[in-house]
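Report on the structure
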Amino acid sequence: MLIRLAGGTLYDPAHHINGEIRDLYVRDGYIVDPEPDAQVDQTYDLRGKVVMAGAIDIHTHIGGGKVNIARAMLPEDHAAAPVARSAFTRSGSGHAAPSTLTTGYRYAQMGYTACFEPAVLPSNARQAHLELGDTPMVDKGGYAMLGSDELLLHMMQTGADQSAINDYVAWTLQASQCLGIKVVNPGGISAFKFNQRELDLDEEAAHHGITPRDIVRTLTRAVHDLGIAHPLHVHASNLGVPGNFTSTLQTMEAAEGLPIHLTHIQFHSYGTEGKRRFSSSAAEIAEAVNRMPNVSMDVGQIMFGQTVTASGDTMHQYANHRHAHPHKWMCMDIECDAGCGVVPFRYRDKNFVNALQWAIGLELFLSVDDPWRVFLTTDHPNGAPFTSYPHLVRLLMDRSFRNDMLEQIHPAAAAHSRLGSLDREYDLYEIAVMTRAGPARVLGLEDHGHLGAGAVADITVYTPDADRERMFGTPAYVFKDGELIVRDGELEKVVWGRTHTVHPDYDPSISKQLRRYFERFQTVRMENFMIGADEFSNDGHGELVVHHGRGRNDT
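What comes next is a walk through the structure. Model, not experiment: these values are computed from the prediction. (Residues numbered from 1 in each chain as written. Predicted model: local features only at pLDDT ≥ 70, side-chain atom pairs only at ≥ 80, totals over all residues. Heavy atoms only, no water.)

For the coordinates displayed, the defined rule picks out 28 salt bridges. Across the pair Arg 22 and Glu 20 runs a salt bridge, and its minimum N-O distance is 2.7 Å. Judged by relative accessible area, which is 39%, Arg 22 ranks as partly exposed. Classification of Glu 20 as partly exposed rests on a relative accessible area of 31%. Between Lys 480 and Asp 139 there is a salt bridge; the shortest N-O distance is 3.0 Å. Of this pair, Lys 480 sits in strand β22 (residues 477-480) while Asp 139 sits in strand β10 (residues 139-145), and the two are 341 residues apart along the sequence. Each member of the pair, Lys 480 as well as Asp 139, carries the same accessibility label: buried. Three or more residues are tied together by salt bridges with common partners; here these are Asp 139, Asp 458, Lys 480, Asp 481, Arg 498 and Glu 543. (Salt bridge = Lys/Arg side-chain N within 4 Å of Asp/Glu carboxyl O. Buried < 20%, exposed > 50% of the residue type's maximum accessible area, 1.4 Å probe, protein only. Helix = DSSP H or I, 4+ residues; strand = E, 2+ residues; numbered from the N terminus.)

Quick look at the structure:
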């Protein structure tokens, strides 16, 4: 069946198409260049519409133990946001931490067709994938957390060479079926278990004698050597600590010129100026990103209102528990691999710190020159629920609206921010870069994020509207794999998407060391730890897409 999407105005940065009126053709789930005399079976008239690839969320916590804990911790969040079943959708609930089905429905209704869980604990990866598999409408994948796991730290402590660590990293990716490697507060989660409450980039962890810089350098090298497309995904040291911008800059340097991705960088861009000892260092961070082409980032914008923070950074979640709203929190650990902390939180526009956090995030968006290296996220749900994205897009595209919002926040925070002096307004092409083409490129998803022949037919169609929040909140059409799944913001059909993973080559002899480790220290056998491809069938709903690295030491 050949489908024609006729006369839409295309924004496809991967092919340098900026607002050109063209037709698109879809067959068997892919965008195609049909033969001149091919018979068209169905046509959608898209004249006057804006056409982009389906949006991709590079960093959203939608599956895994911490998300489930957040759901269980906040029954009030679910009672206040029930979602009724329909003829073809199932019921759900939740605003800050919605149920799996509701998560998928809401993403599709905003034009998103792929989402990536950024903190998969390898020992808990099976549960994370089961939850992601229960999230309809979108492709998905995860980043495996390393950097505070006992085996890696022991290998580094005992002088294991880089090739052995590379083998362990590659094995972990394949065993957990993840697409990338994430490090959270490098070494800090482990140090917390030995009663350290702070760990700066060049400070040795007391137990292992290893610095966070050592870990960032080693894992960055491993990801590069293995040819994994997505750079090391780094949640840097000193999350939320005033003055942390210096360790963030040092973390960029720790990559030694290799690709590195700094995540939710808003939470790592704080200075200590002013009588409150809390200020914006967004300008310093943006200047460094502009200067260092090996660095990419997502922002982790905060929005005002109730949410819940869920992070593997046990050290700083514990430090923040006194700010919990409502007053309940937890921290936990599984198999000494990493950690987890869940703290509900309400961001307030009349609170100086919260208001300045909001401004810092927008300063970062507007100060980084290259939209290919800055991605739109709220670190869902930590900065805000993902459903706030249309509002965030309007803030970036409409300076007048942004300045109106600036006038409503804590006046001292507004006075301490450069935001009012920033004239930049993102255009549709740049939004398409930041939310489609850029994320696809940095994840190595060659057939996503663009509208060229051979691309997966994940396509979002918008009705132009001066109110960009309304425009991006209610797409006219959303196609997933060539099937119409949303019309005028309402669901038309439920689909299930695929799971993306990467399987780089490694020396299988690493298994002997791993087996000894599992038999001595873990509570599960190594064979039961590893997740097989057949486990993704999900009663016919799931499919595993395996990507491959470039090969050992291929530069």
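A separate point is the environment of His 264. As for its placement among the helices and strands, His 264 is situated in the loop between β13 (260-262) and β14 (270-271). Counting along the chain gives 177 residues from His 264 to Arg 441, while the straight-line C-alpha distance between them is 19 Å. Residues contacting His 264, with those up to four places away along its chain left out, are His 59, His 235, Leu 239, Asp 298, Val 299, Gly 300 and Asp 379. (Contact = heavy atoms within 4.5 Å.)

Trp 358 and Phe 365 are the most contacted members of the largest nonpolar core, which has 136 residues in total. Counting residues per element, this core draws most heavily on helix α12 (residues 352-367), which supplies ten residues. Once residues lying within four places of it in the same chain are set aside, the contact partners of Phe 365 are Val 299, Gln 301, Val 374, Phe 375, Leu 376, Thr 377, Leu 392, Leu 396, Arg 424, Tyr 426 and Met 434. Counting residues in each nonpolar core, the second largest holds 20 residues, with Leu 5, Ala 53, Ala 455 and Phe 479 among its members. (Core = buried A, V, L, I, M, F, W, Y, C linked by side-chain atoms within 4.5 Å.)

Here we come to the sheet that holds strand β17 (residues 305-311). Here three strands make up an open sheet; going across it, the order is β17-β19-β18 and the pairing antiparallel. The open sheet terminates on both sides in strands that have one partner only, identified here as β17 and β18 (330-332). Ignoring strand direction, the axes of neighbouring strands in this sheet form an average angle of 20°. Where β18 lies against strand β19 (residues 340-347), three bridges are found, and the strand directions are antiparallel. (Pairing = 2+ DSSP bridges. Axes fitted to C-alpha atoms, helices over the stretch in contact; angles between N-to-C directions.)

For the rest of this paragraph, the subject is the side chain of Arg 106. Relative to the helices and strands, Arg 106 resides in helix α3 (residues 100-109). No salt bridge is formed by the buried Arg 106. Its closest oppositely charged neighbour is Asp 77, at 7.2 Å. Once residues within four sequence positions are removed from consideration, Arg 106 is found in contact with Ala 81, Val 83, Gly 94, His 95, Pro 98, Phe 386 and Thr 387. (Lys, Arg positive; Asp, Glu negative; His and termini not counted.)

This brings us to the pairing of β17. Burial analysis of β17 places five of its seven residues in the buried class, the great majority of the element. Where β17 lies against β19, seven bridges are found, and the strand directions are antiparallel. Among the inter-strand pairings, Val 308 is bridged to a residue of β19, identified as Pro 344.

The end-to-end C-alpha separation of α12 is 22 Å, in line with the 22 Å expected for 16 residues at 1.5 Å each. When you tally the buried positions in α12, you get 15 out of 16 residues, the bulk of the element. Backbone nitrogen of Val 353 and a side-chain oxygen of the N-cap are separated by 3.0 Å at the start of α12; the cap is Asn 351. (Expected span 1.5 Å × (residues − 1). Polar contact = N/O pair within 3.5 Å; in protein donor to acceptor, adjacent residues only side chain to side chain.)

Once that is clear, we can look at unusual backbone geometry. Omega for the bond connecting His 325 with Pro 326 falls within 30 degrees of zero, at -5°, which places this linkage in the cis form. Mapping Pro 326 onto the fold places it in the loop between α11 (314-319) and β18. Cis rather than trans, the peptide bond between His 380 and Pro 381 has omega equal to 0°. For Pro 381, the location among the structural elements is in the loop between β20 (374-375) and α13 (389-397).

Time to look at the packing of α13 against helix α14 (residues 399-406). Between α13 and α14, whose axes approach to 6 Å, the crossing angle comes to 105°. The angle between the axes of α13 and α14 places the two elements in the roughly perpendicular class. In contact with His 391, Arg 394, Leu 395, Leu 396 and Met 397 of α13, α14 contributes Arg 399, Phe 401, Arg 402 and Met 405. Residues that form the contact of α13 with α14 fall into these classes: five nonpolar, one polar and three charged. (Parallel < 35°, antiparallel > 145°, perpendicular 65-115°, else oblique. Nonpolar A, V, L, I, M, F, W, Y, C, P; charged D, E, K, R; others polar.)

Here the focus is the packing of aromatic side chains. Two measures describe an aromatic ring pair: the distance that separates the ring centres and the angle between the ring planes. The full count for this structure, using the stated rule, is 17 aromatic pairs. One aromatic cluster is present, formed by Trp 171, Tyr 517, Phe 518, Phe 521 and Phe 529 through successive ring pairs. The residue whose ring lies beneath Arg 276 is Phe 352, and the NZ or CZ to ring-centre distance is 4.3 Å. The cationic tip of Arg 424 hangs over the ring face of Tyr 426; the distance from NZ or CZ to the ring centre is 4.4 Å. (Phe/Tyr/Trp six-rings, centres within 6.5 Å; stacked < 30°, edge-to-face > 60°. Lys NZ or Arg CZ within 6 Å of the ring centre and 35° of its normal.)

Within α13, eight of the nine residues are buried, leaving the element largely enclosed by the surrounding structure. Those residues of α13 not exposed but buried are Tyr 389, Pro 390, Leu 392, Val 393, Arg 394, Leu 395, Leu 396 and Met 397.

Summarising the element assignment, His 448 is placed in the loop between α16 (428-443) and β21 (459-462). C-alpha of His 448 to C-alpha of Ile 459: the two residues are eleven residues apart in sequence and 9.8 Å apart in space. Dropping the residues within four chain positions of it, His 448 is found in contact with Ile 56, Asp 139, Ala 440, Val 456, Asp 458 and His 500. A distance of 3.1 Å separates the side chain of His 448 from the side chain of Asp 139, its partner in a polar contact. For His 448, the side chain forms a polar contact with the side chain of Asp 447, separated by 2.8 Å.

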